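What the coordinates show
Single-letter residue listing:
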Amino acid sequence: MRFNPKARIDQSQIETRSGGGLGGGGMRLPMPSGGGGKIGIGTIVVVVLFVVLTQCTGLLGDGSGGGGGTTTTQNSCQSGADANKSEDCAVDLFTNSVQSFWSQAYPDQTGKQYDVVKTVRFQGSTASGCGQASTEMGPFYCPNDQLVYLDTTFFDDMLQGQLGAKGGPFAIGYVIAHEYGHHIEDQLGILGRMRTVRGPKSDSVRAELMADCLAGVWAGAAQKTTDADGNAIITELTPDDVKRAIDAAQAVGDDRIQKRTSGRVDTDSFTHGTAAQRVRWFNRGMEQGTINGCNTFDTDNL
Ligand SMILES: [Zn+2]
């Protein structure tokens, strides 16, 4: 896939933070021995691409400040040309593309306004409205401060490294679109009604599969999304690119991750759904193109 080199990145949708590593008040999980600083997959198994559902106690404020020793830094990503060269800039332009899509599609389909929210790019750890965000948690959406949190080392170290996905730019797009899928769920009031967090038919699995489906809805229309000046954001998207997004969705399936870590599958502890379910709902979103088509709460055929 290729971004339009002339597409302009809207930095108002991005917050870049740095300095949240050691000594910054950031909580660090113990590293596995011999890991060379890499994070063990066991630490992350239940929290890859998720939504934080615990309610904020208010101790951390709104999470938008420089808590945990982090500071907001300059964002050097300007254009699609930058996004073609840098994963960080690709995150920014995908954020723009996903929100360009929902800014139109959400009002069209629900009659309500879409709230544009920011992606926080960080490395190491940073404060969030859902507690301390860290690399080990993987990307997530926090409903308390309505921000998407993403450590950009996730794609190389985790998704391709530990989880064995093929990767590629459109896999990054899938991850961003999945997190913004949780933001759509939040606006629909779904996240506030979540009760069961584990098990193959749990609310958690339903919300995760719905987010995959909503990512598919975006993916199906990604080439039509435009920047603030009306320039196309993505100029080239091949079937192989879409396959790589699907491959990433498979790599983060509960059964796949459990097999990699423990060698067996325990359906009672599912939080996200199987690899096959994640692919099925992503494809359904691509085919149907609507929020209604993604209603995982209205069926037992997950
Ligand atoms: Zn999720």
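The coordinates are above.
We now turn to the structure provided with this report. Per chain, residues are indexed from 1 in the order of the written sequence. The model is predicted, so local features are restricted to residues of pLDDT at least 70 and side-chain atom pairs to those at 80 or more, both for listing and for counting; the totals for chains, interfaces and linings are taken over all residues. Excluding hydrogens and water, the side-chain figures rest on all heavy atoms present in the structure.

Some points on the environment of Gly-192
Mapping Gly-192 onto the fold places it in the loop between α4 (169-187) and α5 (203-221). Here the alpha-carbon distance between Gly-192 and Pro-143, two residues 49 residues apart in the chain, equals 9.0 Å. In DSSP terms, a helix is any run of H or I states spanning at least four residues, a strand is any run of E spanning at least two, and both are numbered starting from the N terminus.

Digging into the sheet that holds strand β3 (residues 50-51)
An order of β3-β8-β9-β5-β2-β4 is seen for the six strands of this open sheet, with the pairing classed as mixed. Bordering the open sheet on either side are β3 and β4 (71-72), each of which pairs with just one other strand. In this description, strands pair whenever DSSP reports at least two bridges between them. Where strand β8 (residues 140-142) and strand β9 (residues 147-151) come together, three bridges link them in antiparallel fashion. Looking at the pairing, Cys-142 lines up with Leu-147 of β9. Docked against the sheet, helix α2 (residues 87-110) engages β2 (14-18), β5 (119-122) and β9, running at close to 175° with respect to β5. Throughout, a contact is declared for two residues whenever any of their heavy atoms are within 4.5 Å. Lines fitted to C-alpha atoms define the axes here, with helix axes fitted over just the stretch in contact, and angles between the N-to-C directions of these axes take values from 0 to 180 degrees.

Focus on the pairing of β2
Each residue is placed in one exposure class: buried if its accessible area under a 1.4 Å probe, protein chains only, is under 20% of its type's maximum, exposed if it is over 50%, and partly exposed if it falls in between. The element β2 is largely enclosed, with a buried count of four among its five residues. One ladder, built from three bridges, connects β2 with β5; its direction is parallel. Its bridge partner being in β5, Ile-14 is matched across the sheet by Thr-119. Across two bridges, the pairing between β2 and β4 is antiparallel. Along β4, the bridge assignment pairs Ser-18 with Thr-71.

Comments concerning unusual backbone geometry
Even without being glycine, Gln-146 reaches a positive phi, approximately 50°. Tracing the chain through its elements places Gln-146 in the loop between β8 and β9. Taking the relative accessible area as the measure of exposure, Gln-146 reaches 29% and is therefore partly exposed.

Some remarks on α5
How far a helix is expected to stretch is found by multiplying one less than its residue total by 1.5 Å. If you check α5, its first and last C-alpha atoms are 27 Å apart, about what 19 residues at 1.5 Å a residue would give, namely 27 Å. Burial runs high along α5: 18 of the 19 residues are buried.

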